[in-house]
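# Understanding the architecture of this molecule
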Amino acid sequence: VGLGSLILPFILSMSQLVRLVNFGALSSFVMLNFAVFLFFFIREKKRNGTDIVKYLICPWAGILILIYVFTGFDKMTYIVGIVWLVVGLIVGAIKSKGYKEVPEAFKKLEV
């Protein structure tokens, strides 16, 4: 990651880097919203009164808004961003043995 961060500024313009960072941030917010829906609404079955607003409507409204924002990126941002996302998912899968184990770096975190 450090090596990539060192090389990218020499390859991409500042506006391309900004779009790439925005792509990464928006991607993480889409995944966060989906994770809230998946964990609380689907897995934990929180479906009473305000739970529907908090765990179904708000996450999906956020996802839809972010998808709309995604339409403003150029083709290169999609290519680099999706490759970046896929590489991250692969590394995460390897480190967590298929997302079944908590990586060592996260085991010491106090929640």
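Look above for the structure.
What this report covers is the structure whose coordinates are included nearby. Predicted model only: the values in this text are computed from it and were never measured.

## Describing the packing of helix α2 (residues 14-43) against helix α3 (residues 50-70)
Any two packed helices are characterised by how steeply their axes cross, that is the angle between the axes, and by the distance between the axes. Two numbers describe how α2 lies on α3: the axes approach to 9 Å, and their chain directions differ by 155°. Considered as vectors, α2 and α3 are oriented roughly antiparallel to each other. At the point where α2 passes α3, the crossing takes the left-handed sense. Residues F23, L26, S27, F29, V30, N33, F34, V36, F37, F40 and F41 of α2 lie in contact with α3, whose contacting residues are I52, K54, Y55, L56, C58, P59, W60, G62, I63, L66, V69 and F70. Taken together, the residues of the contact of α2 with α3 break down into 19 nonpolar, three polar and one charged.

## As for the pattern of salt bridges
Counted under the stated rule, the structure contains three salt bridges. Between R19 and D74 there is a salt bridge, with the nearest N and O atoms lying 3.3 Å from each other. Linking R19 in helix α2 with D74 in the loop between α3 and α4 (75-95), this pair joins segments that are 55 residues apart in sequence. Among the salt bridges present, the one from K54 reaches D51, with a minimum N-O distance of 4.0 Å. With a gap of three residues between them, K54 and D51 both fall in helix α3, about one helical turn apart.

Scoring rules and cut-offs
- Residues numbered from 1 in each chain as written.
- Predicted model: local features only at pLDDT ≥ 70, side-chain atom pairs only at ≥ 80, totals over all residues.
- Heavy atoms only, no water.
- Axes fitted to C-alpha atoms, helices over the stretch in contact; angles between N-to-C directions.
- Helix = DSSP H or I, 4+ residues; strand = E, 2+ residues; numbered from the N terminus.
- Parallel < 35°, antiparallel > 145°, perpendicular 65-115°, else oblique.
- Left-handed = near helix turned anticlockwise from the far one by under 90°.
- Contact = heavy atoms within 4.5 Å.
- Nonpolar A, V, L, I, M, F, W, Y, C, P; charged D, E, K, R; others polar.
- Salt bridge = Lys/Arg side-chain N within 4 Å of Asp/Glu carboxyl O.

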